[in-house]
Amino acid sequence: MDRAQKEKVVEELGQIFESSGVVVVARYEGLTVAQMQDLRARMRTVGGSVRVAKNRLAKIALEGKPNESLGDLLKGMTVLTYSEDPVAAAKVADEYAKTTEKFVILGGSMGSTALDPAGVKAVASMPSREELIAQIVSCIGAPASNIAGAIGAPASNIAGILSTLEEREAA
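The model shown is predicted, which means the values in this text are computed figures rather than measured ones. (Residues numbered from 1 in each chain as written. Predicted model: local features only at pLDDT ≥ 70, side-chain atom pairs only at ≥ 80, totals over all residues. Heavy atoms only, no water.)

(A) Structural context of the pairing of strand 4 (residues 104-110). In terms of burial, strand 4 is a largely internal element, five of the seven residues being buried. The pairing of strand 1 (residues 22-27) with strand 4 spans five bridges and is antiparallel. Across the sheet, Arg27 pairs through a bridge with Val104, a residue of strand 4. As paired elements, strand 4 and strand 5 (residues 113-115) share three bridges and run antiparallel to each other. Within the sheet, the bridge partner assigned to Met110 lies in strand 5 and is Thr113. (Buried < 20%, exposed > 50% of the residue type's maximum accessible area, 1.4 Å probe, protein only. Helix = DSSP H or I, 4+ residues; strand = E, 2+ residues; numbered from the N terminus. Pairing = 2+ DSSP bridges.)

Below you can see the structure in the form of structure tokens.
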């Protein structure tokens, strides 16, 4: 790799570290090509990505970034999983780590906050952006249906009372 290519990689990695909601660093030693393709596919389905880069170049890209502490994790065969959604990459990485012992989460960052493996697991247990939106929509929709039911209830109650009165008068 010549100097121009290295500079381009450092620039790309810098963009990843700046724009990602979450970055997870994991050791992947011993993963087969098929397993790595599976991880990439899972990450793509949630809008995340997987990046293998030279640790030295990644450390250079981290200089001056809020998540510079990730540099301490970059030793040996490491892979970066990241996503704009602050939960998606952590969730996929955590699920994948449960399926194979060759994929070990070392830590990560959420913005400028450094995460240890337990922190990544805690982030993974949080609801994703889509799940939060669905919960908010259901909370907003529930009062409207309650209001519609409350408005309609007196009319049906009055109709029931009137029919009862008519039955009494007829009898």
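(B) Main features of the packing of helix 4 (residues 88-99) against helix 5 (residues 117-124). Taken N-terminus to C-terminus, the directions of helix 4 and helix 5 make an angle of 115 degrees; their axes are 8 Å apart at the nearest point. If you check the angle between helix 4 and helix 5, you find them roughly perpendicular. The way helix 4 lies across helix 5 gives a crossing that is left-handed. Contacts between helix 4 and helix 5 pair Ala90, Lys91, Asp94 and Lys98 from the former with Val120, Lys121, Val123 and Ala124 from the latter. Its residues assigned to classes, the contact of helix 4 with helix 5 comprises four nonpolar, no polar and four charged. (Axes fitted to C-alpha atoms, helices over the stretch in contact; angles between N-to-C directions. Parallel < 35°, antiparallel > 145°, perpendicular 65-115°, else oblique. Left-handed = near helix turned anticlockwise from the far one by under 90°. Contact = heavy atoms within 4.5 Å. Nonpolar A, V, L, I, M, F, W, Y, C, P; charged D, E, K, R; others polar.)

(C) Structural view of the packing of aromatic side chains. The full count for this structure, using the stated rule, is one aromatic pair. With a centroid separation of 5.3 Å and an interplanar angle of 85 degrees, the aromatic rings of Tyr96 and Phe103 are classed as edge-to-face. Summarising the burial analysis for this pair, Tyr96 and Phe103 share the class buried. (Phe/Tyr/Trp six-rings, centres within 6.5 Å; stacked < 30°, edge-to-face > 60°.)

(D) Seen up close, the pattern of salt bridges. Within this structure, the stated rule accounts for six salt bridges. Measuring nitrogen to oxygen at the nearest pair gives 3.3 Å for the salt bridge that ties Arg42 to Asp38. Separated by four residues within a single helix, Arg42 and Asp38 lie in helix 2 (residues 33-45), roughly one turn from each other. A salt bridge links Asp94 to Lys121, with the nearest nitrogen and oxygen atoms 3.1 Å apart. Of this pair, Asp94 sits in helix 4 while Lys121 sits in helix 5, and the two are 27 residues apart along the sequence. Residue classification places Asp94 among the buried positions, given a relative accessible area of 10%. Each member of the salt-bridge network shares a partner with another, and the members are Asp94, Lys98 and Lys121. (Salt bridge = Lys/Arg side-chain N within 4 Å of Asp/Glu carboxyl O.)

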